[in-house]
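Each chain, written out:
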Amino acid sequence: MIPHTIVLKPGLIIHRIYNGYWFWGRPSIAELWRDLREVGAEIRPDWDLARPGLREAWEAGELTAFHGWSTGGGS
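Residues numbered from 1 in each chain as written. Predicted model: local features only at pLDDT ≥ 70, side-chain atom pairs only at ≥ 80, totals over all residues. Heavy atoms only, no water.

### Overview of the overall build of the protein chain
Counting its regular elements, the protein chain contains three helices and two strands. In sequence order, the secondary structure elements of the protein chain are arranged as β-β-α-α-α. Sorting the 75 residues of the protein chain into buried and exposed places 21% on the buried side. Long-range pairs, those at least 24 residues apart, make up 16% of the contacts in the protein chain with a sequence separation of at least 6. Counting every atom, the protein chain has about 6100 Å² of accessible surface; 61% of that belongs to carbon and sulfur. Positive and negative side-chain charges of the protein chain, numbering 8 and 9 respectively, have mean locations separated by a distance of 8 Å. (Helix = DSSP H or I, 4+ residues; strand = E, 2+ residues; numbered from the N terminus. Buried < 20%, exposed > 50% of the residue type's maximum accessible area, 1.4 Å probe, protein only. Contact = heavy atoms within 4.5 Å. Areas by Shrake-Rupley, 256 points an atom, 1.4 Å probe, with all protein chains shown as cover. Lys, Arg positive; Asp, Glu negative; His and termini not counted. Charge placed at Lys NZ, Arg CZ, Asp CG, Glu CD.)

Structure representation (structure tokens):
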């Protein structure tokens, strides 16, 4: 048996697979953190707040691009 750690994107799409045994084959917390940041940046349009048009959309009240604000209520 070879243990596996799989990092998934939404829709159960595989982002990265770690396969290994003991310490040298398993991902570190830093590696998992990096993978989850990569996935988050890929799937969330509001990840980079400096993206062109994002501030204008916020000021215009178009909140669908912002996580948690799609209903317009903010809560």
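### Focus on the side chain of Lys 9
Within the secondary structure layout, Lys 9 lies in strand β1 (residues 4-9). If we ignore the near neighbours within four places in the chain, the residues touching Lys 9 are His 15, Val 39 and Glu 42.

### What to know about unusual backbone geometry
Excluding glycine, a negative phi dihedral is what most residues carry, and trans is how most peptide bonds are arranged. Here the phi dihedral of Leu 12 falls at roughly 60°; this positive angle occurs in a residue that is not glycine. On the secondary structure map, Leu 12 appears in the loop between β1 and β2 (13-19). A residue is classified by how much of its surface remains accessible, and Leu 12, at 68% relative accessible area, is exposed.

### Considering the pattern of salt bridges
Evaluated as defined, the whole model comprises six salt bridges. With a closest N to O distance of 2.8 Å, Glu 42 and Lys 9 form a salt bridge. Separated by 33 residues along the polypeptide, Glu 42 in helix α2 (residues 29-43) and Lys 9 in strand β1 bring together distant segments of the chain. For Glu 42, a relative accessible area of 51% corresponds to the exposed category. What makes Lys 9 buried here is its relative accessible area of 18%. (Salt bridge = Lys/Arg side-chain N within 4 Å of Asp/Glu carboxyl O.)

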